Amino acid sequence: MKNFLLVFSLISITFASAQNLKQELPIDSNIKKDVLPNGLTYYLYSTDVTEDVASYYIIQNVGSVLENDDQQGLAHFLEHMAFNGTEHFEGKGILNTLEKEGIVFGRDINAYTSFDETVYNINNIPTTPELIDTGLQILHDWSNYLLLTDEEIDAERGVIKEEWRTRQSGGLRLFQQSLGVKYGNSKYAKRMPIGLMDIVENFEYETLRNFYHDWYRTDLQAIAIVGDIDIDEMEQKVIAKFSAIPPVENPIERYIVVIDDNDELQYIMVRDPEVSTASVRFGIRHAVSNNKNTVAYLNENLHNSIIRSIFSERFSEIVQQPDSPFINVYAGMRGHSRAHNEFQLNVFPKEGMQKEAFKLAMVEINRAVRHGFTNSEINRAKIKLIKSYENEIAKLDDRRHAEIIQVMQSNYLDNEPIMDKQKEFKIIEQLVKNIDQKSLLNRLNEIYTVKNRTLIVTGVEGQNNLTEGQAKNIISTTENDSSLQPYEEDNSSKSLMTGIALKAGKITKTETHPGLGFTTYTLINGIKVHYQFVDKDKNTVDLLGYSDGGESLIADEDLPSAQMVSSIVSSSGINEFSANELSKVLAGKTARVSIRISDIIESFSGSSTTEDVETMLQLLNLHFTKPRFDKKAFDVAIQNLENNLIARSQNLSYKMNDSIITTLYGYNHPKRRLFNKEYIDDINFDKIQKLYKSRFENASDFEFIIVGDVSEEILKPLIEQYLGSIPTTPEKEKWKDNTVEWTTDNIDKDIYLPMEDPKASVRIAYKNEMPYTIKDELLMDALGSILQLRYTESLREEEGGTYGAGVRGSLSREPRSIAYLSVSFDCNPDMAEKLTSIVHNEILKIKNGNIKQNDLDKVLANFLKERQESKSSNNYEISAIRTWVRDGYNRNAPENFENIVNSITQKDIQEITSKLLDNYKSYEVIFKPELTDQ
């Protein structure tokens, strides 16, 4: 009878589970979704994560894959044209309207085009009645009312050509070579979103307008609005505003490109002269699920996640061994295209070890396919998975706008479910209980199939590159290797503080700071902790610790070793645990601590959930009392540096950076060394340990700041136990001013480099010493922002000469008060001199008082807007406390920000520019294509 009941019970559980997998997933009712009669979909969500602002998106189910042969690049071209004239915003009307409110093009206002979609966004618009209407009007015009005038089309051709020029790189050219294999010679392989420049430069106006009419239509559009809004009111506005947009009659079918199956492995080797390191990318393509709204789909994704987590752990363990043939490996399911997902095995070999690296990676994949995973691995992965969902639930009300809109976008474009997270989590808890060795092995064998395989090898000239025959032989050999044994690991369980005896130290002094709302605790050993309860970031606690000194107190010959300290400490683990063992000890914990040595300070940074604050403080304690230095980790780090050196050797960006260093500081300056073989040879394991001890030995020389969602009652005994117990000394250090001067005060140089795609890269900087004031720091920032607007207008829009210039103005406080203005951009080599002249002339215009009040108003509005928005994070409070403690003023006081910003005039900008240009130092370096014999 007992056996019968047991069998009946098992049958019932199996039957119930089968039924559960067919259930519909719970939908998040807080996200309002509906479809207008004209086919336009809308999503609305109310959140005050950032108060008094909202973000507006329009999601076009249209990308480059829909282009005809004579339209290649026009989906992306349309994206640009949306900012160049609409029915209610002619010319640059959208940008001008929004920038007056402090909204910045490229950061708050942007768009992107991919193979299958084009998405436009305006982030963090104030929710005044007028600006709500403005946001809706912009989405309305983007939907159906682009002007597409001849003049604006022609003006944008040059901008897009320069975007193409800027984005060209060795990595991108490799991707283009691989498209045929990656996408099975489907239409994807012939539709890079940037398009063909011959078409971009020469298409007929009507060709663009026809593409626009065919594809920008309400049945292929969704708008998403997230922010501090009333959903009912916003819905009525949406209905009133968008219902009148007419649907397109007899619309062209929006087809989905489905890639044909391939029975045989599709192989390609790609190369580029500017890429000098290899990679091996093995893929198995799968069709996406037809029904994503059931528990079965969620269960499949959970299995995929656990498989990915365990593979990551296994490969990480191998990577940490000096004899590993690869630097890194990724294995797991990823998105591929609209109709497909892909199991990917991406292998990054050490130099000359492509064959060995691919073989070992395939051995580990097939070990898992044959034998599955161990129970201890599965349990750790489950704990991590559950913890990640718990953290997500705790921060549900703190999700940023972009995170919520991504959910809406995935729903609209890919039919991903919009799940009620709390109900989803209850389902996940039940599903995870049933995930075991058998179910994971079954899922692995569903993923690892013989059809639809691809292999893309990035080869390197002069190396023994992995051939198609070698790859097929490795795959066949490992798949048929009956000698593969199951994975084994040490299952011993220890706690993080194993072997550590603590003697807690009491808080001896407590000071409150009403102006900022934080409290300072002084411990018996002299350590100071500045604490503030802040729940802006729910379930998050952040840590900062800093001490004067940094690299300024380190001998020149030791700087290469100093610059590797943080990396070696991170990869060595802590206490008696290696990095791999530490990962296992911390499974299910969300806590981290890292170190850094910069120019004049050394610092700790850390974060945790509320529940894991103790773990974070334990890690901090161990960094002082039980740091670990692993010679194997050091050897691996040196190997990685050597591989990185190889990777940099032909990379154009690194060549430019090295050229800037030698131009400004000369060759082999002891404080500004090039990253080369001699630099690596000077890194010493013993020195790293000594340098760590010299910088991080004395905890009482640090100021610690802890801010976040943890109460005083919980935190105080923890800091007494884990910080109060650290041995300290009374010594205090002070940084030194080791500012390095340029070789000459004014540098003007053209540098010629070999380039696969010719371009000029312009680097300009002005600097000058001047006394530090808060106002002058803001003025230098404002000068950079004004010039950013000017260069967008002159260099990009008027000249069509660059995709965009990067501009930054700053005034440093320490170690020396220096004003600095930098400008950089890529362009057509033939236009470099002209555009460079414009850069300098715009600066001189400002010095001479030619400042547009409209530009200044935009910049100051942005300063005020960004400051207000930044107050919604822990980082703001940490910065405010640090400023008070280190610099001695209250950054929250109006006289230290708002009053200054509101008082800034054109004359102030003119005067700071004049100060900058008074006996200034500068450099102008233009990189140009190496001249070749005709």
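Calculation rules
Residues numbered from 1 in each chain as written. Predicted model: local features only at pLDDT ≥ 70, side-chain atom pairs only at ≥ 80, totals over all residues. Heavy atoms only, no water. 1 Å grid on protein atoms, 1.4 Å probe; cavity = no way out; pocket = protein on both sides within 12 Å on 5 of 7 lines; lining within 4 Å. Points joined across faces, edges and corners; volume = space filled by probe spheres on them. Helix = DSSP H or I, 4+ residues; strand = E, 2+ residues; numbered from the N terminus. Nonpolar A, V, L, I, M, F, W, Y, C, P; charged D, E, K, R; others polar. Domains from an automatic or database assignment. Contact = heavy atoms within 4.5 Å. UniProt positions renumbered as here; feature names shortened; annotations may be inferred. Core = buried A, V, L, I, M, F, W, Y, C linked by side-chain atoms within 4.5 Å. Buried < 20%, exposed > 50% of the residue type's maximum accessible area, 1.4 Å probe, protein only. Expected span 1.5 Å × (residues − 1). Arc of directions from axis to C-beta. Polar contact = N/O pair within 3.5 Å; in protein donor to acceptor, adjacent residues only side chain to side chain. Phe/Tyr/Trp six-rings, centres within 6.5 Å; stacked < 30°, edge-to-face > 60°. Buried area = accessible area lost by both parts, 1.4 Å probe. Salt bridge = Lys/Arg side-chain N within 4 Å of Asp/Glu carboxyl O. Patch = residues over 30% accessible without salt bridge, like charges linked within 9 Å, V, L, I, M, F, W, Y side chains within 5 Å. Areas by Shrake-Rupley, 256 points an atom, 1.4 Å probe, with all protein chains shown as cover. Lys, Arg positive; Asp, Glu negative; His and termini not counted. Charge placed at Lys NZ, Arg CZ, Asp CG, Glu CD. Pairing = 2+ DSSP bridges. Axes fitted to C-alpha atoms, helices over the stretch in contact; angles between N-to-C directions. Parallel < 35°, antiparallel > 145°, perpendicular 65-115°, else oblique. Left-handed = near helix turned anticlockwise from the far one by under 90°. pLDDT = per-residue confidence, 0-100.

1. A word on the layout of surface pockets
- Considering only enclosed or pocket space, the second largest pocket measures out at about 1,500 Å³ in volume.
- Lining the second largest pocket are 49 residues, and of these Lys292, Tyr297, Asn301, Ser410 and Glu416 sit closest to its centre.
- Of all elements in the fold, only strand S8 (279-287), helix H10 (295-319), strand S9 (326-337), strand S10 (340-349), helix H12 (375-394), helix H13 (401-414), helix H14 (421-433) and helix H15 (437-447) reach the threshold of two or more residues within the lining of the second largest pocket.
- The greatest single-element share of the lining of the second largest pocket, amounting to 8 residues, is contributed by H10.
- Tallied by class, the residues present in the lining of the second largest pocket amount to 18 nonpolar, 14 polar and 17 charged.
- In terms of domain composition, the lining of the second largest pocket takes at least three residues from each of domain 1 (32-243) and domain 2 (266-480).

2. A few points about the environment of Tyr665
- As for its position among the elements, Tyr665 is in helix H22 (residues 652-665).
- In this structure the C-alpha to C-alpha distance between Tyr665 and Thr739, which are 74 residues apart in sequence, comes to 12 Å.
- With residues near it in sequence (within four places) discarded, Tyr665 still touches Arg672, Val740, Glu741, Trp742 and Thr743.

3. Focus: the UniProt feature "domain: Peptidase M16 C-terminal" (unreviewed entry) in the chain
- In the numbering adopted here, UniProt assigns the feature "domain: Peptidase M16 C-terminal" (unreviewed entry) to residues 203-385 and 682-861.
- End C-alpha atoms of residues 203-385 are separated by 51 Å, and the span's content is 42% helix alongside 23% strand.
- Taken end to end, residues 682-861 is 41% helix and 22% strand, and its two terminal C-alpha atoms sit 49 Å from one another.

4. Looking at the nonpolar core
- Counting 66 residues, the largest nonpolar core has Trp142 and Ile225 as the members making the most contacts within it.
- It is helix H4 (residues 129-144) that provides the largest number of residues to this core, a total of 6 residues.
- Each residue touching Trp142, except ones within four places of it in the same chain, is listed here: Ile58, Gln60, Ala82, Phe83, Thr86, Ile94, Tyr120, Asn121, Ile122, Tyr216 and Gln221.
- In terms of nonpolar packing, the next biggest core, distinct from the first, is built from 57 residues, Ile574, Val613, Phe685 and Val710 among them.

5. A word on H14
- Here H14 is 13 residues long and its end C-alpha atoms lie 18 Å apart, about the 18 Å a rise of 1.5 Å per residue gives.
- Within H14, burial applies to Lys421, Glu424, Phe425, Ile428, Leu431 and Val432. The arc enclosing the buried residues of H14, seen along the axis, measures out at 125°, which places them on a common side. Residues of H14 that are exposed and angled more than 90 degrees away from the buried face: Lys426 and Lys433.
- Capping the start of H14, Asp420 holds a side-chain oxygen 3.2 Å from the backbone nitrogen of Gln422, two or three residues further along.

6. Observations regarding the packing of aromatic side chains
- Counted under the stated rule, the structure contains 30 aromatic pairs.
- With centroids separated by 5.4 Å and ring planes inclined at 70°, the aromatic side chains of Phe83 and Trp142 adopt a geometry described as edge-to-face. Pair noted here: Phe83 is in the loop between helix H2 (74-81) and helix H3 (93-99) and Trp142 is in helix H4, with a separation of 59 residues, a long-range link.
- Residue Trp142 is classed as buried on the basis of its relative accessible area, which comes to 0%.
- An angle of 70° between the planes, with centres 5.3 Å apart, marks the rings of Trp742 and Tyr923 as edge-to-face. Placement of Trp742 in the loop between helix H25 (712-722) and strand S19 (746-753) and of Tyr923 in strand S23 (residues 921-929) is noted, with a sequence separation of 181 residues between them.
- Aromatic rings pair up to connect Phe604, Phe624, Phe629, Tyr692, Phe696, Phe702 and Phe704 into one cluster.

7. As for the domain arrangement of the chain
- Each domain of the chain was delimited in the assignment, giving domain 1 (32-243), domain 2 (266-480), domain 3 (536-703) and domain 4 (747-929).
- Computed from C-alpha atoms alone, the centre-to-centre distance between domain 3 and domain 4 is 30 Å.
- At the junction of the two partners, domain 3 supplies 17 residues and domain 4 supplies 23 residues.
- Taken together, the two surfaces of domain 3 and domain 4 that pack against each other cover about 1,900 Å², and 66% of this comes from carbon and sulfur.
- The largest share of the area that domain 3 buries against domain 4 comes from Lys536, Met656 and Thr663, three residues that together contribute 30% of it.
- Linking domain 3 to domain 4 there are 2 salt bridges.
- A salt bridge links Glu877 to Lys536, with the shortest nitrogen-to-oxygen separation between them at 2.5 Å.
- Secondary structure elements with two or more residues in the side of domain 3 that touches domain 4: strand S15 (541-548) and H22.

8. Thoughts on a negative patch on the surface
- On the surface, Asp48, Glu51, Asp52 and Asp397 cluster together to form a negatively charged patch.
- Here Asp52 shows up in the loop between strand S2 (41-46) and strand S3 (53-60).

9. Points about the sheet that holds strand S6 (residues 221-227)
- Taken together, the 6 strands give an open sheet; going across it, the order is S1-S2-S6-S3-S5-S4, and neighbouring strands pair in mixed fashion. Of all strands in the sheet, those bounded by a partner on one side alone are strand S1 (32-35) and strand S4 (109-113). Within the sheet, the average angular offset between the axes of one strand and its neighbour, ignoring direction, is 15°.
- Across 5 bridges, the pairing between S4 and strand S5 (residues 118-126) is antiparallel. Opposite Tyr112, over in S5, you have Val119 as the bridge partner.
- Of the strands in this sheet, S4 and S5 touch H2, which is tilted by about 170° from S4.
- Each of S1, S2, S3, S4, S5 and S6 is contacted by H13, which is oriented at about 25° to S3, the strand it contacts most.

10. Description of the pattern of salt bridges
- Inspection of the entire model under this criterion finds 74 salt bridges.
- For Arg380, the salt bridge identified is with Glu313, shortest N-O distance 2.4 Å. With a gap of 67 residues between them, Arg380 in helix H12 and Glu313 in helix H10 connect regions that are remote in the sequence. Take Arg380 and Glu313: they sit in the same class, and that class is buried.

11. Section: the packing of H10 against H14
- At their nearest, the axes of H10 and H14 sit 11 Å apart, and the two run at 60° to each other. It follows that H10 is oblique to H14 by the angle criterion. The chirality of how H10 crosses H14 is right-handed. Seen from H10, the contacting residues are Val295, Leu298, Asn299 and Leu302; seen from H14, they are Glu424, Ile427, Ile428, Leu431 and Val432.
- A class-by-class count of the residues in the contact of H10 with H14 yields 7 nonpolar, 1 polar and 1 charged.

12. Re the sheet that holds S19
- Spatial ordering of the open sheet is given by S19-S23-S20-S22-S21, a layout of 5 strands whose pairing is mixed. Sheet topology places S19 and strand S21 (806-811) at the edges, where each strand pairs with a single neighbour. Averaged over all neighbouring strand pairs, the angle between strand axes comes to 10°, with direction disregarded.
- Here 6 bridges tie S21 to strand S22 (residues 818-827), and the two strands are oriented antiparallel to one another. Counterpart to Ser810 in the pairing with S22 is Tyr820.
- Against the sheet, helix H31 (residues 906-916) makes contact with strand S20 (760-769) and S22, and its axis sits at roughly 95° relative to S20, the strand it touches most.

13. What about the confidence of the model for the chain?
- For the chain, the average pLDDT comes to 95, and 98% of its residues sit at 70 or higher.
- Note that pLDDT drops below 50 for residues 1-16; the model gives that stretch 0 contacts with residues more than four away or on any other chain.

14. A short note on the UniProt feature "domain: Peptidase M16 N-terminal" (unreviewed entry) in the chain
- Residues annotated in UniProt with the feature "domain: Peptidase M16 N-terminal" (unreviewed entry) correspond here to residues 47-165.
- Across residues 47-165, the secondary structure splits into 39% helix and 18% strand, with the terminal C-alpha atoms separated by 40 Å.

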